[in-house]
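Descriptive structure summary
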Amino acid sequence: MKARKRTQMQVAIHAGAAFTDEGRVLNSLKNNSGTLTGNGVKFFGIRRYNRIFKPVFEQAEIETLDSTSYQNIQGILPSEADTRRVVFSSGRFAGDANAALREGQLYPFAGRRMALLEQIFDDHQVELFMGLRNPGSFIPKLLMSLPEGEREDIVRNTDLSCLSWIGMIEDIQDLAPNVKITLWSNEDTPFIWGDIMRALTGLGEHTALVDEYDLLATLLDETGRNKVDALAQRVGVQDKTVRHENLAQIFEEHAQPDKIEEELDLPGWSSDIVDAFSELYEQDLQRLGAISGVRILRP
């Protein structure tokens, strides 16, 4: 008897990057679990990654995968007929932090990993979601998180000035051309949190989320938080562009400096370096937004 083909499912992979999430995506998925269940969406976090995905990724780096490895990952997809989308969230899908800067590139294993997932979930639509961060702040935070010996080796053998997110995305598109890619700038995250979560979960544009403005509120003084609360009450009758403009104005007027300023501890990493990377980063976001198959979420 011929095996019945599995019903196609949307498989959404939230893959970080490092220093962009801090567990907020998974918390928001939990906070909105009732809405997600009602819309046919299931989600899984870091424990599922560690138990199922990580061993397969590590095996694939040194040898050809056997059928059991494929089946282990294929078998974690929900079997319920009313589940149309599954979300897997872990900042390690594109690579662990200690491997995020190797071979002269950011996340050099991301393309191979997405290609593997594309092959394993060949009956389904795989989508990658990733928050990017200005390399001017990402690179020093990443380097300072590494042991001193590893950090010195990378600095000695890598032209840090050439690092950007373009290479990672080009690798993914070359090796996994059918994977849809959604990106956003971590610096925009407080203003577009609801857009990010609705895109990740496949919810409609006007679906209400219980914590849409929580992240932004943590950066504001009390007056700003009250203004955001008032804005949230009338969001249903407000154009999205107007809402983003209002949020940006509230942030400009009521942001708490100690909540948004960040010290970068890497010796020799000056504000001039950060400014240069910032300009290149904005250019890269513009380039990425023009690539077919890549969506950029912006305010």
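Residues numbered from 1 in each chain as written. Predicted model: local features only at pLDDT ≥ 70, side-chain atom pairs only at ≥ 80, totals over all residues. Heavy atoms only, no water.

Let's talk about the overall build of the chain
Along its length, the chain carries 14 helices and eight strands. In summary, the chain has a C-alpha radius of gyration of 20 Å against a globular reference of 19 Å for 299 residues, a match within 12%. The principal-axis extents of the C-alpha atoms in the chain amount to approximately 65 × 55 × 35 Å. In the chain, which comprises 299 residues, the share counted as buried stands at 48%. Accessible surface, the chain as shown: approximately 15,200 Å² in total, 46% of it carbon and sulfur. (Helix = DSSP H or I, 4+ residues; strand = E, 2+ residues; numbered from the N terminus. Rg over C-alpha atoms; globule rule 2.2 N^0.38 Å. Buried < 20%, exposed > 50% of the residue type's maximum accessible area, 1.4 Å probe, protein only. Areas by Shrake-Rupley, 256 points an atom, 1.4 Å probe, with all protein chains shown as cover.)

Looking at the pattern of salt bridges
Between side chains of opposite charge, a pair can form when the charged atoms approach closely. One pass over the structure, following the stated rule, counts 14 salt bridges. Between Lys-42 and Glu-80 there is a salt bridge; the shortest N-O distance is 2.9 Å. In this pair, Lys-42 sits in strand E2 (residues 41-44) while Glu-80 sits in the loop between helix H4 (67-74) and strand E3 (85-89), placing the two residues 38 residues apart along the sequence. Its salt-bridge partner being Glu-262, residue Lys-141 comes within 3.3 Å of it at the nearest N-O pair. A residue pair is termed long-range when its members are at least 10 positions apart, and Lys-141 in helix H6 (residues 135-144) and Glu-262 in the loop between helix H13 (257-260) and helix H14 (271-289) qualify at 121 residues. With relative accessibility at 39%, the residue Glu-262 sits in the partly exposed group. Three or more residues are tied together by salt bridges with common partners; here these are Asp-195, Arg-198, Glu-212 and Arg-243. (Salt bridge = Lys/Arg side-chain N within 4 Å of Asp/Glu carboxyl O.)

Let's talk about helix H3 (residues 46-60)
Compared with an ideal rise of 1.5 Å per residue, which puts 15 residues at 21 Å, H3 spans 19 Å between its outermost C-alpha atoms and is within 8% of the ideal. Restricting attention to buried positions, one finds in H3 the residues Tyr-49, Ile-52, Phe-53, Val-56, Phe-57 and Gln-59. For H3, the secondary structure elements touched by its buried residues are H4, E3 and helix H5 (110-120). (Expected span 1.5 Å × (residues − 1). Contact = heavy atoms within 4.5 Å.)

Section: the nonpolar core
Generally speaking, a soluble globular protein has its nonpolar side chains buried in company with each other. In terms of nonpolar packing, the biggest core is built from 61 residues, with Ile-13, Phe-53, Phe-88 and Tyr-107 touching the most fellow members. Looking at which element gives the most residues to this core, the answer is H5, with six residues. Membership of the second largest hydrophobic core comes to 27 residues, among which are Ala-12, Leu-26, Leu-215 and Leu-297. (Core = buried A, V, L, I, M, F, W, Y, C linked by side-chain atoms within 4.5 Å.)

A look at the packing of H3 against H4
It is the contact of H3 with H4, at a shortest axis distance of 10 Å, that shows an interaxial angle of 150°. As the angle between them shows, H3 and H4 are arranged roughly antiparallel. For the crossing formed where H3 meets H4, the hand is left-handed. Where H3 abuts H4, its residues Ile-52, Phe-53, Val-56 and Gln-59 lie against Ser-69, Asn-72 and Ile-73. Tallied by class, residues from the contact of H3 with H4 come to four nonpolar, three polar and no charged. (Axes fitted to C-alpha atoms, helices over the stretch in contact; angles between N-to-C directions. Parallel < 35°, antiparallel > 145°, perpendicular 65-115°, else oblique. Left-handed = near helix turned anticlockwise from the far one by under 90°. Nonpolar A, V, L, I, M, F, W, Y, C, P; charged D, E, K, R; others polar.)

Let's talk about the confidence of the model for the chain
The predicted structure's coordinates, where accompanied by low pLDDT, should not be read in detail. Chain-level statistics for the chain give a pLDDT mean of 91 and a share of 96% at 70 or above. Taken as a whole, residues 1-5 scores under 50 in pLDDT and shows one contact with residues more than four places along the chain or in a different chain. (pLDDT = per-residue confidence, 0-100.)

Re unusual backbone geometry
Looking along the chain, the bond that leaves Gly-16 and enters Ala-17 is cis, with omega of 5°. Summarising the element assignment, Ala-17 is placed in the loop between strand E1 (10-14) and helix H1 (24-31). Even without glycine at this site, Glu-103 takes up a positive phi of about 55°. Mapped onto the secondary structure, Glu-103 falls in the loop between strand E4 (101-102) and strand E5 (105-106). The exposure class assigned to Glu-103 is exposed, which follows from its relative accessible area of 61%.

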